[in-house]
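The primary structure of each chain is shown beneath.
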Protein chains: 2
Amino acid sequence: MAENGSQLWLRFDKAAPLTAGFNSISGDPALKAFDEFQRACRLMTSAPLPVVNQAGANGLLIATASHPAIRALKWSKELRSLGPEGYLIRTVRLKGKPITVVTANQPQGVLYGVYHLLRIMQTGQSLSDLTIREVPTYQLRILNHWDNLNGTVERGYAGHSIWKWNELPAVLSPRYEDYARANASIGINATVLNNVNATPDILTAEYIRKIKAIAAVVRPFHIKVFISINFASPRVLGNLPDADPLRPEVRRWWKQKVAEIYREIPDFGGFLVKANSEGLPGPMDYGRTHADGANMIAEALEPYKGIVMWRAFVYEPGDDRAKLAYREFIGFDGRFHDNVIIQVKNGPIDFQPREPFSPLFGAMKKTPLMPELQITQEYLGHSNHLAFLAPMWEEVLDADTYAFGEGSTVSKVTNGSFVPAPVSAIAGVANIGEDVNWTGHHFGQANWYAFGRLAWNAQLSSETIAREWLAMTFGSDKKKLTVETVPEDILSMMLGSHQTVVDYMMPLGLHHIFAWDHHYGPEPWCDIPGARPDWLPRYYHNASKEGLGFNRTASGSNAVAQYSSPLKEWFDDPATCPEKYLLWFHHLPWNYRMKSGRTLWDELCFSYDRGVQTVRDYQKIWDRNESWIDAQRFREVQSRLKIQSKDAVWWKDAILLYFQTYSQQPIPYSIERPVHELDDLKKVKLDMKHHN
Amino acid sequence: MAENGSQLWLRFDKAAPLTAGFNSISGDPALKAFDEFQRACRLMTSAPLPVVNQAGANGLLIATASHPAIRALKWSKELRSLGPEGYLIRTVRLKGKPITVVTANQPQGVLYGVYHLLRIMQTGQSLSDLTIREVPTYQLRILNHWDNLNGTVERGYAGHSIWKWNELPAVLSPRYEDYARANASIGINATVLNNVNATPDILTAEYIRKIKAIAAVVRPFHIKVFISINFASPRVLGNLPDADPLRPEVRRWWKQKVAEIYREIPDFGGFLVKANSEGLPGPMDYGRTHADGANMIAEALEPYKGIVMWRAFVYEPGDDRAKLAYREFIGFDGRFHDNVIIQVKNGPIDFQPREPFSPLFGAMKKTPLMPELQITQEYLGHSNHLAFLAPMWEEVLDADTYAFGEGSTVSKVTNGSFVPAPVSAIAGVANIGEDVNWTGHHFGQANWYAFGRLAWNAQLSSETIAREWLAMTFGSDKKKLTVETVPEDILSMMLGSHQTVVDYMMPLGLHHIFAWDHHYGPEPWCDIPGARPDWLPRYYHNASKEGLGFNRTASGSNAVAQYSSPLKEWFDDPATCPEKYLLWFHHLPWNYRMKSGRTLWDELCFSYDRGVQTVRDYQKIWDRNESWIDAQRFREVQSRLKIQSKDAVWWKDAILLYFQTYSQQPIPYSIERPVHELDDLKKVKLDMKHHN
């Protein structure tokens, strides 16, 4: 069959597995895991494994801990340490003959184990003497869909929503099951179906029935369904005079609504709430606090073990925007109910190409926080640019907050290691749409994959993830790929691609110099009369004849003070501030001397040019591999690389020509010259979308 | 004053002359030459030279041969050899003191001599011990304006026409005199005011009065005025039933019309005629011949020593277009009146980026031919691309036709050396418009300049011309330029620029793969149902799975047979055919081995890419020189180089992606990849203009 990307990384049919498999299967055929292995087997070899009562040599045993064959292994102590989702994959010898065992305490653990085993087969790793023990880093690994009920997707670049609300619940798209399988295969166990900019409609009985239908499809894959809610729902749907969280009728309304949902969906996950942010209603509309609002909803959910994920993406005007979430939330530390998690974007502003981590991580010591990562490339070239985001997320999750001393990384301060969390969690804003290949750019699939893998194991390296994904996603009978034999040039392209986008968009800590609203192209000059200052690029870059950057040091907004020592001191001093964050924290003269020995202006120029040249290298890398890549995907990626190549030049020219009006210095003459006129670039206008 | 390019190369005010000049001037103050020197002197030093009766030491003597001071020098024999336009510039010693003499037989010779002397001063050459003797290569050095009476310019890219017909004769634009001076300064002595696609209106009494007014302005600069005529004029204006050249009334009408013109403009030059070409009327409409038509008009002009320039740009469908002009004209060799000159475009097709010379040159042994060069860049990027054309013209003029044995170059077979010509001539299609800088692109001025200089002296090297032009056109008090100190990088950019355009447009003999009608961008795929096959690119490139190029060998159209031996044999064999003409004469397989060792396909790819990279180098060269170039011209040239840079990529991508559908071979992977999609490029449509 012609490869169009619809199979994602689950390309079991692309070739016989690289390693000889098993001769029989035993265990609990009622498990979804059992089913899924047999399904994959059929695709790999045209026949499922023979099911036997008891595994013999080279047999495969798939069962939960309660199965007699597992009990006979006497692993109960070890199994107890795995929790509900961890699993073991072990080669055991019975009468000297190898048997492969996949087991876990609960069915979902077995399912994750089976997908791990399949991944070993897909990526050509050895099946002998397996001794695998896995426990997830985060307990809740959740996608956030910014999908609207009308079928559009905010910041979605892969077509309309996969949720066909108008057909639900009567019609169930076959994609729902594919979606659930793909998520389960990488350990994602929850999903928020609708946009954080939520409408009250999602809570109507009509929509609850639709949600119930989706929940029924994804449940076998151990995926819980959540929804985003609108804080004003009691007023809008319940005919109440307001939505004040301290008003008894409001509290009652939420309890009744939650009860109604759980009657239909007993394993419903809970709510994601964007409140008092970018114009959405919230408790502060009534003089109440985020804690008042979140706790009211938490109380309603508590009897059902439902969860409230309350977003900290708030920035009332007034101070340095990078400080506002911290300022608004830090005072409520320890004042949220146990089933409230504060959902915090990875950086203090808004999913910029690169941000330092949000200072809330580690700072709230008595409140569980969950990182919100953005899989969809709102600020990274949409689905036109190839940007593998695992390195960026690795950077964030591994960033040391020093909040609990050295080694208290963002992942550790959010996964329950330091702050007790009833449920540790991590969210990723999905890049999924109804495009045949799901994500628009074929390499966008790698970001979905990487989010799942990192949510499961935050210690995985980007390289490991990229090798897995490449080996599973590409290759054919003609060219078999294993984790060892993936093309090094494509691997290296993926691993460098995020830095490359940063290089040609916003290097050295520059941020938010995007075009108004669409966040795709450059518009550092943007000036819309009456607009909020912090919605304009000038607010962030502060370019002047003297220099460039945002002074967040003690002599400026003092945002550095929100970080723990020694970070705050390091960030405060340009000599110790990492150069990748330099202009995030500092306003520096154009002639500031960089570690390279170049001036700031020259370094900027070289960075933008390096970005352009590197994308051209990516084009070469891709084209060189044409001979073995399936035709449609080759062409589609080739085509997007062309767009990226042109866009990189657009970015470079726009930013350098604009900043040059301040720096008044020539672009170093060894650098390829601009091909655009600044005045022409200022006239470029694309379609607009809303904020999130 | 801010430099905007309006002064052309006559920037006397830019700086005091680089070499100390003269202390007095004597001779004939009635001469325009005398005037012009004093005018330049005023601009250079704020004061004219003192006029004295007799030149003393370091004095300057400007006079015709008949002046007593010249007669006293006893140079009459040498002067006789100069003809009417040649001149001498000599340093003589009277009583041991140097005096500089500029003299000629006729006033125009003195004028050219004075401009030569000024050029020496402008370009910082030594004024000591001058021993200059100049005689022009061609007697008639004529611009062809393709300017329409409605003010538009066909193939003009510098704005509307400089001729304000609607204001004439009442209003005389000051530009007319500037125009005349600029032309005189480079030896141009004639001009055809209107488009070869002429309307009969130009011969009405009304327009004759307008022409007379222009003639009066340019006459002091020794420039003769010509016009293009429409062969059907007697029918249209004279109410005759037809324009049959053998009809007595038609012949009488022409005689009367010519008499009418000469009554108003006694030194009128004559007519340029495009007949039976691209739909224009001509003698063949009545079963007559080019000779019948040209001779009829020649007879009318003969009493006044007027000239007919009859164009050989004809190509009735039927055979290889490159052969048609030769086929139509060769039979009339020797059958034209003495005052008829056949005007032949430099190549057999139509001003392509590169063509071999027209086989008519040298082939018509009893008929004077004049080369028609195109200064306006119809097929060379209009006024957006920097293309210095002297190297192309040098290539044409120096091409050996072998028609009269080795050494019978195109310039020699057209300048009277071999074929007796009452008046030897060369035409250049002007690139002049009403733009402040005259030519749109500032470097377009260099082509106007180069045409004049080569028409005067076909032996001048492109480098000499470029050095002169650069030193005269750029520089300032801050940065004085001489022929020796012109920036080598800009010089080298100019000298390589034509080849660069060829590289990214039509290398290796490719031709006419331009977009339909506008002749700016690429459209090798162009297919317009019902269009003449030879107006479509496919006719010229013949791309197929097997190969590329036009087979004009003995096994093909046999166009090679129109050339003299040994050229015809050389062209016939790909091993001896110059590679720059390879695909002009040959259809060759994609894997044909080039002298570089590369295949034809790879060589094409490398050529297009070299073109792109070289334009990027030009951008660097230009930008590097910013510090000393006046701001407006710097910016305007920089801006056009950006366009050229983008266009080069457009050309490269369009041609390689299109031909790749035939070659089915990858673009060598070391080459920068395309950034466009072929399908998108096929949708590009620009405005259209008409043929010429």
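Residues numbered from 1 in each chain as written. Chains lettered and ligands numbered in written order. Predicted model: local features only at pLDDT ≥ 70, side-chain atom pairs only at ≥ 80, totals over all residues. Heavy atoms only, no water.

Turning our attention to the domain arrangement of chain A. Often, the extent of an interface is quoted as the loss of accessible area on bringing the components together. Residue and element names in this part refer to chain A. Split by domain assignment, chain A resolves into domain 1 (12-134), domain 2 (140-463) and domain 3 (500-550 + 587-690). Here the C-alpha centroids of domain 2 and domain 3 sit 30 Å apart. Taken together, the 28 residues of domain 2 in the interface contact 29 residues of domain 3. Across the interface of domain 2 and domain 3, roughly 2600 Å² is buried in total on both sides, 57% from carbon and sulfur atoms. Counting across the domain 2 and domain 3 interface gives zero salt bridges. Our count for the domain 2 to domain 3 interface comes out at 18 residue pairs in polar contact (both at pLDDT 80 or more). Tallied by class, residues from the side of domain 2 that touches domain 3 come to nine nonpolar, 10 polar and nine charged. (Domains from an automatic or database assignment. Contact = heavy atoms within 4.5 Å. Buried area = accessible area lost by both parts, 1.4 Å probe. Salt bridge = Lys/Arg side-chain N within 4 Å of Asp/Glu carboxyl O. Polar contact = N/O pair within 3.5 Å; in protein donor to acceptor, adjacent residues only side chain to side chain. Nonpolar A, V, L, I, M, F, W, Y, C, P; charged D, E, K, R; others polar.)

Another aspect to go through is the pairing of strand β6 (residues 140-144) of chain B. All names here are of chain B. Burial of β6 is extensive: five of the five residues sit out of reach of the surface. In β6, alternate side chains face the same way, and those of Leu140, Ile142 and Asn144 on one face and Arg141 and Leu143 on the other are all buried. Bridge count for β6 against strand β13 (residues 425-429) is five bridges, and the pairing is parallel. When the sheet's bridge partners are listed, Arg141 is paired in β13 with Ile426. By the bridge criterion, three bridges tie β6 to strand β7 (residues 190-192) in an arrangement that is parallel. In the strand pairing of β7, Leu143 is matched with Thr191. At this point the chain moves from β6, through helix α5 (residues 174-185), to the parallel β7, and the crossover so formed is right-handed. (Buried < 20%, exposed > 50% of the residue type's maximum accessible area, 1.4 Å probe, protein only. Helix = DSSP H or I, 4+ residues; strand = E, 2+ residues; numbered from the N terminus. Pairing = 2+ DSSP bridges. Right-handed = clockwise from strand over helix to strand, strands pointing away.)

So, on to the side chain of Lys257 of chain A. Residue position: Lys257 of chain A is located in helix α8 (residues 248-264). In this structure Lys257 of chain A touches Leu203, Thr204 and Ile208 of chain A, once residues within four positions along its chain are discounted.

All right, on to the relation of the copies chain A and chain B then. Structural alignment of chain A on chain B gives an RMSD of 0.0 Å, achieved by rotating through 180° and translating 0.0 Å along the axis. Such a turn and shift between the copies fits a two-fold axis. Within chain A, Lys646 of chain A has its C-alpha nearest the rotation axis, a separation of 5.2 Å. When the interface residues of chain A are mapped onto chain B, 100% of them again lie at the interface, so the same face is used by both copies. (Least-squares fit on C-alpha atoms with pLDDT ≥ 70 in both.)

Residues and elements named next belong to chain B. With respect to the element layout, Lys366 can be found in the loop between β11 (340-345) and β12 (369-374). With 64 residues separating them along the chain, Lys366 and Ala430 place their C-alpha atoms 29 Å apart. Setting aside residues no more than four positions away along its own chain, Lys366 makes contact with Asp333, Gly334 and Val419.

All names here are of chain A. Counting buried positions over the five residues of strand β10 (residues 307-311) gives five, a clear majority of the element. Residues of β10 alternate between two faces, with Ile307, Met309 and Arg311 on one and Val308 and Trp310 on the opposite face, all of them buried. Bridge analysis of strand β9 (residues 270-273) against β10 gives four bridges, and the strand direction is parallel. The residue bridging Val273 from the neighbouring strand is Trp310, located in β10. Of the crossover connections in this fold, the one passing from β9 over helix α9 (residues 290-301) to the parallel β10 is right-handed. Examined bridge by bridge, β10 and strand β11 (residues 340-345) share four bridges and lie parallel to one another. Bridged to Trp310 within β11 is Ile342. Handedness of the crossover joining β10 and β11 through helix α10 (residues 321-329): right-handed.

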